Amino acid sequence: MKTLFAAALIVAASAFSAHAADWTVGSITVSDAFARATAGKASSGGSFLTIKNDGEADRLLAASADVGAKTELHTHIHEGDVMKMRQVDSIELPAKTTVALKPGGYHVMMMQLKAPLKKGESFPLELTFEKAGKLTVEVTIGGIGAKMSPEMDHSKMDHSKIDKSKSQK
Ligand SMILES: [Cu+2]
């Protein structure tokens with residue numbers, strides 16, 4: 001089951017790479033920025049991107065997008081069958097390393113969305129790096145995503161209570 005899950009995520013992620021555009025600040029290059037469309041009631045949505053760091057160790061400290069009232073950096077952790085979301089203060093970007101924010105792992109969470117995210121549209125996302133500074137990328141909105149991936153519904157404040165069973169339709 002875990003293998004199937006991982007394979008589906010790779011297929012979903014690679015579907016967007018054809019639209020790749022790159023954005024660069026200092027030694028940081030961001031590519032493959034995409035978000036998932038949201039269904040009507042979803043109050044939040046995730047953005048994913050690839051960060052290549054050609055220089056010394058840096059950190060992603062914050063992200064900001066106008067599509068929601070606030071934007072947070074999140075990760076997923078697995079505890080048995082339960083997938084939980086956790087807010088993180090920063091995302092480490094080791095020297096000469098590429099870090100992918102992808103479904104099931106690190107992601108940028110746009111909370112309290114002002115409107116549903118619609119497939120085919122895009123929005124600017126400002127990223128703040130500790131050393132490289134600020135960089136604005138354009139996030140393309142893709143499909144809602146594979147069925148086995150968790151719905152990123154943060155309408156309940158306690159993220160530790162979010163698990164996969166609640167996202168099944
Ligand atoms: Cu999240």
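Going by the annotation in an unreviewed UniProt entry, the name recorded for the protein chain is Copper chaperone PCu(A)C, with Cohaesibacter celericrescens given as the source organism.

This part covers the coordination of the copper ion. Only His74 (ND1), Met85 (SD), His107 (NE2) and Met109 (SD) from the protein reach the copper ion as donors, at distances of 2.1 to 2.3 Å. For the copper ion, the four donor atoms are set out with angles of 95 to 132° between them, so the coordination reads as tetrahedral. Sequence spacing among the residues donating to the copper ion works out to H-x10-M-x21-H-x1-M. Of this pair, His74 sits in strand 5 (residues 68–79) while Met85 sits in strand 6 (residues 82–87), and the two are 11 residues apart along the sequence.

Okay, the environment of Leu61 next. Looking at the secondary structure, you find Leu61 in strand 4 (residues 58–65). Its relative accessible area of 34% is what places Leu61 among the partly exposed residues. Separated by 72 residues in the primary sequence, Leu61 and Gly133 place their C-alpha atoms 9.7 Å from one another. If sequence neighbours within four positions are ignored, Leu61 has contacts with Leu73, Asp89, Ser90, Thr128, Phe129 and Glu130.

Cut-offs used in this document
Residues numbered from 1 in each chain as written. Predicted model: local features only at pLDDT ≥ 70, side-chain atom pairs only at ≥ 80, totals over all residues. Heavy atoms only, no water. Donors = N, O, S within 2.8 Å, 3.2 Å for Na, K, Ca; no water. Tetrahedral: all angles 85-135°; square planar, octahedral: opposite > 155°, others 65-115°. Helix = DSSP H or I, 4+ residues; strand = E, 2+ residues; numbered from the N terminus. Buried < 20%, exposed > 50% of the residue type's maximum accessible area, 1.4 Å probe, protein only. Contact = heavy atoms within 4.5 Å.

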